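Geometric and topological summary
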Amino acid sequence: MQNIIDRFISYVIIDTESDPSSETTPSTKKQWDLAHKLVEELKAIGMQEVTIDQNAYIMATLASNVDYKTPTIGFISHFDTTPDFTGANVKPQIISNYDGKDIILNAAQNIVLSPKYFKDLLQYKGQTLITTDGTTLLGADDKAGITEIVTAMEFLIKNPEIKHGKIRIGFTPDEEIGRGAHLFDVEKFGCDWAYTMDGSQVGELEYENFNAAGAKITFKGKSVHPGYAKGKMINSMLIANDFINELPKGETPQETKAYEGFFHVHHLTGSIEETVLELIIRDHNKKKFKKRKELITKITRKFNKKFAKKFGEAIVIAEIKDQYYNMKEKVLPVKHIVDIAEKAMKLLKIKPIIKPIRGGTDGCQLSYKGLPCPNIFAGGHNFHGKYEYVPVESMQKAVDVIIKIAELTALEENTKNLLKRNSNKSPFE
C-alpha cells in the first residue's frame, strides 16, 4: 500500500494541466515534467524499449516470459489533468481508516467532503483515502491509472513466476482536451488490443461511450446608441439567449443519465456586436447523434431566415465538428477482450459494473484507429474538482486486475482463440 501511496503522490504534486487553446502537443510545457520522470522510472523498474517521442507519448515493453506465442496486450493512461480546475500546487491529504463522517478538506475556507452529498464515500469506511486540500483537484484522473500500470509492471518484473505474454504500456498527454489519441502511433505500439485504466469506482468496465461533437455558434450584432436603436440595433447576446432556449428542455447533463444524450452549453462570451456560444453534443445512439447535430443546423437556419427577412442579412454562423465516436462498434467484433477483463474481476471477487461511459476516453479514439480498447476502473471519484478523492485499496484492486488480465491472456489453452483477433468466439464467456 505504501508503495502505491508514495508513487501516486509523486505524480499528483507535478502540475500537468492541459490547455485547449494551445496548438502544440503536449499543449503545455509542464506536462514534460511528469513525462520525463515516468521515462526514468520505467527504466529503473526494468521495463524494456522505453521511448518518448517529440510529442511526449511514452511507450514501454514488458517482454513475454512464456515460450509460446500469445497476444500482445496494452495498458494505457494519460498524465495530463483537466483545465476545468487548477492542478497547480496539489497538496494531497491521507485519511487513514476513514470513519464514514465528514472530511474537512480546508478548515479556513470551510470546504468539506461530506457523505451526505457524496454518498459513494460510505463504500470506503475503514479504508485509506487520498483527498485534496480543497484548493485544487487531485489528479487521480488519470495519475491513479498510471500508478496502477507502473505498479503492476514492477510487480510482474519482481515475480517472474507469474506467467504473461508481451505487454506494452502507453502514457499520453492532452487526453482531457480530447487529443490524447490524436498522435498515438498504434502501429508502433504493436498490440492486438489494449485497456485504458481511466474509469472511476471499483468494478467499472466500459466499452460503450458517447458519440461526440462540438459546436461553435457565432452571433453577429449591430451596436447602435440605445436612445436611437429602434429597428436598428441587433443585440447578439439576446439572440444567443433565444438560441439556447430553442434547445430541447430537459436534455442537459444535469438532467440525463445512462443512455440519454444531451446538449451542454459550456461557454458563452459576448457583446452587442458579437457573441460566441460553445456547446457539446452527446449521444450513444448514432442516429440520435446525427439528429442532434441536424437540430443545431435547423435552428441556425430558422434564425437566419428570420433576421434576413427583418434586417436583410444572416447573422448566425454554426460550426459543428465531430470529436469521437462510440467504441462499441469496434469492440463488439472482439468482445472476448471485455470478457477477459470481466473474468479477471470475478476471479478477484470484484463485482463488474458494465455500463456506458457518459464521456470519452483515449480508448474510443484508439478503437477507431485499429486498437480495440475498453476502459477499466482506476478507482477515483469526483474528478475535475476540489472534492476529488481516491481510495488506496481501489488502486490496489486495479493493480490486481491488470496482473490477472495478463495471466489470463497468457494461459496456453486460451491463446488459440485470442490470437484470432476478429473471432467472436471467446474462451471467457
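Our subject is the structure listed above.
Residues numbered from 1 in each chain as written. Predicted model: local features only at pLDDT ≥ 70, side-chain atom pairs only at ≥ 80, totals over all residues. Heavy atoms only, no water.

**Remarks on the overall build of the chain**
When helices and strands are counted, the chain shows eleven helices and 17 strands. C-alpha extents for the chain along the principal axes are approximately 85 × 55 × 40 Å. Per-residue burial for the chain yields a buried fraction of 54% across its 429 residues. Pairs at least 24 apart in sequence give 79% of the contacts found in the chain among residues at least 6 apart. (Helix = DSSP H or I, 4+ residues; strand = E, 2+ residues; numbered from the N terminus. Buried < 20%, exposed > 50% of the residue type's maximum accessible area, 1.4 Å probe, protein only. Contact = heavy atoms within 4.5 Å.)

**Let's talk about helix α3 (residues 140-158)**
Counted at 1.5 Å a residue, the expected span for α3 with its 19 residues is 27 Å, and the 25 Å between its end C-alpha atoms agrees. Most of α3 sits out of view: 16 of its 19 residues are buried. (Expected span 1.5 Å × (residues − 1).)

**Focus on the state of the cysteines**
Taken as a whole and judged by the stated rule, the model has zero disulfides. We note that C191 lacks a disulfide partner, and the nearest cysteine sulfur, in C373, lies 9.0 Å from it. You can see C364 has no disulfide; the closest cysteine sulfur is in C373, sitting 9.2 Å from it. With a relative accessible area of 0%, C364 lands in the buried category. (Disulfide = S-S within 2.5 Å.)

**Regarding the packing of aromatic side chains**
Taken as a whole and assessed by the stated rule, the structure comprises ten aromatic pairs. Aromatic pair Y124 and Y389: ring centres 6.3 Å apart, planes at 70 degrees, arrangement edge-to-face. Residue Y124 is found in the loop between β6 (111-113) and β7 (129-131), and its partner Y389 is found in strand β17 (residues 389-391); the two are separated by 265 residues along the sequence. Each member of the pair Y124 and Y389 is classed as buried. Residues F184 and F189 carry aromatic rings whose centres are separated by 5.0 Å and whose planes lie at 75 degrees to one another, so their mutual orientation is edge-to-face. (Phe/Tyr/Trp six-rings, centres within 6.5 Å; stacked < 30°, edge-to-face > 60°.)

**Focus: the environment of F85**
Here F85 lies in the loop between β3 (73-78) and β4 (93-95). What makes F85 partly exposed here is its relative accessible area of 25%. For the pair F85 and L138, spaced 53 residues apart in sequence, the C-alpha separation works out to 9.8 Å. Ignoring anything within four residues of it in the chain, the contact list for F85 reads E17, T135, T136, L137, H384, G385 and K386.

**Overview of the pairing of strand β13 (residues 274-283)**
Counting buried residues along β13, eight of its ten residues qualify, which places the element largely inside the surrounding structure. Where strand β11 (residues 211-220) lies against β13, ten bridges are found, and the strand directions are antiparallel. Within the sheet, the bridge partner assigned to A215 lies in β13 and is L279. Relative to β13, strand β12 (residues 262-270) runs antiparallel, the two being bridged by eight bridges. Of the residues in β13, the one forming a bridge with F263 is I281. What sits between β12 and β13 in their antiparallel hairpin is a turn of three residues. (Pairing = 2+ DSSP bridges.)

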